[in-house]
Amino acid sequence: MTDRRNLYFFHHQDADMLEKAEPLYDLAQRYGFSIVKESKDANIIVSVGGDGTFLQAVRKTGFRQDALYAGISTTGTLSMYCDFHINETSKMIDAMTKEQIEIRRYPTIKITIDEGVSFECLNEFSIRSGIIKTFVMDVFIDDIHFETFRGDGMILATPTGSTAYNKSVNGAVVDPMLPCIQVSELASLNNNRYRTLGSSFILSGERTLTLSVVQHGNSHPTMGIDNEALSIQNVKTVQAVLSGNKIKTVKLKDNSFWEKVKRSFL
């Protein structure tokens, strides 16, 4: 941290949040950090809010590979991406002055729509039917046809994203030290006529997943990248791979991923 002194705060700009964040600005300057107005000038980017704000901070600042990201929670509890609570200034001071932090690297997924526009996501990509009708997709793993999916849609999650939307549909919680993509089905149709795997499955980071949308009125699916919606029409194919980029995050030494999982769910 000693060679990283340019700090950018990412948060909502309403009056209430500005009042909450003001002491953080003062604390950072008191301990020798320079507050920058543009994220491109920062080597530490701090989100102030919750996990949703952290995801927005990563996205809005361009998934910086040359910066550290940190999360400060303004809610009643800590979360998966927020190691600090806004009222725990002594904890922040100890982290800054006594080197109580470590760097963790979280993989991201690269999503390419129709071999054209591409996006990265830190949590998950989701694709669902945009109409009240069974959504049909042919699923390919490394160009080999795996199954024809029929149902509401699919979630493609990173290891850190495995605790979010993915977990709510009974997907597995995955250690972020494993570079992989988890694929979870949404309300798959399984009967004597149609059959899918019917469970989540995990792909190595070396694999390529391709979803080929069978049209029949479903060419305008509802898609999401983390906590943002995508509005793209006439979608034919979606390709997903691990991007190779990793988001570097600041965490406390005594606050591992599995300690966060225990705190959040047990």
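Each residue is numbered by its place in its chain's sequence as written, counting from 1. Residue-level local features of this predicted model are given only where pLDDT is at least 70; pairs of side-chain atoms are given and counted only at 80 or more, and the full residue set underlies all totals for whole chains, interfaces and linings. Each side-chain value is worked out from all heavy atoms of the structure, with water and hydrogens disregarded.

Asker: Is there a simple way to think about the layout of surface pockets in this case?
Answerer: With a probe scaled to a water molecule rolled over the atoms, the places where space remains empty come into view. Roughly 240 Å³ of internal volume is contained in the largest pocket. Cavity means a closed set of points on a 1 Å grid over the protein atoms alone, one where a 1.4 Å probe fits but cannot get out, pocket means an open set with protein on both sides within 12 Å along at least 5 of 7 lines, and lining means a residue has an atom within 4 Å of a point. What lines the largest pocket is a set of 14 residues, and nearest its centre among them are R104, R105, D175, P176 and M177. Only DSSP runs of H or I reaching four residues or more are called helices, and only runs of E reaching two or more are called strands; each is numbered from the N terminus. Mapped by element, the contributors of at least two residues to the lining of the largest pocket are β6 (101–113), β17 (237–252) and α5 (257–265). Looking at the lining of the largest pocket element by element, the count peaks at four residues for β6. Split into classes, the residues belonging to the lining of the largest pocket amount to eight nonpolar, one polar and five charged. Grid points are joined across faces, edges and corners, and a volume is the space filled by probe spheres set on the points. Basically, the charged four are Asp, Glu, Lys and Arg, the nonpolar ten are Ala, Val, Leu, Ile, Met, Phe, Trp, Tyr, Cys and Pro, and anything else, Gly included, counts as polar.

Asker: What is the right way to look at the environment of T75 in this model?
Answerer: Inspection of the secondary structure puts T75 in the loop between β4 (68–73) and β5 (84–85). Assessed through its relative accessible area of 41%, T75 is described here as partly exposed. Along the sequence, T75 and K133 sit 58 residues apart, while their C-alpha atoms lie 38 Å from each other. Whether two residues touch is decided by their heavy atoms; if any such pair falls within 4.5 Å, the residues are in contact. Not counting the four nearest positions on each side in its chain, T75 is found in contact with G49 and H85. In the analysis that follows, any N or O atom pair within 3.5 Å is treated as a polar contact, provided that within protein one partner can donate a hydrogen and the other can accept it, and provided that, for residues neighboring in sequence, both atoms belong to side chains. Only 2.9 Å separates the side chain of T75 from the side chain of S73, close enough to count as a polar contact. Relative accessibility under 20% of the residue-type maximum defines a buried residue, over 50% an exposed one, and the middle range a partly exposed one, all with a 1.4 Å probe and only protein chains included.

Asker: Hey, could you run me through the side chain of S162 in this one?
Answerer: If you trace the backbone, S162 turns up in the loop between β11 (153–157) and α4 (165–168). Setting aside its immediate chain neighbours within four residues, S162 contacts A157, K167, A172, V173, V174 and Q182.

Asker: Would you take a moment to explain the pairing of strand β14 (residues 209–213) for this structure?
Answerer: Successive residues of a regular strand alternate their side chains across the two faces of the sheet. Taking burial as the measure, the five residues of β14 include four buried ones, the bulk of the element. As paired strands, strand β9 (residues 135–141) and β14 are joined by five bridges and run antiparallel to one another. Its bridge partner lying in β14, F140 is registered against T210. Here, strands pair whenever DSSP counts at least two bridges between them. The sheet contact formed by β14 and β17 spans four bridges and is antiparallel. Counted as the bridge partner of T210 is Q239 from β17.

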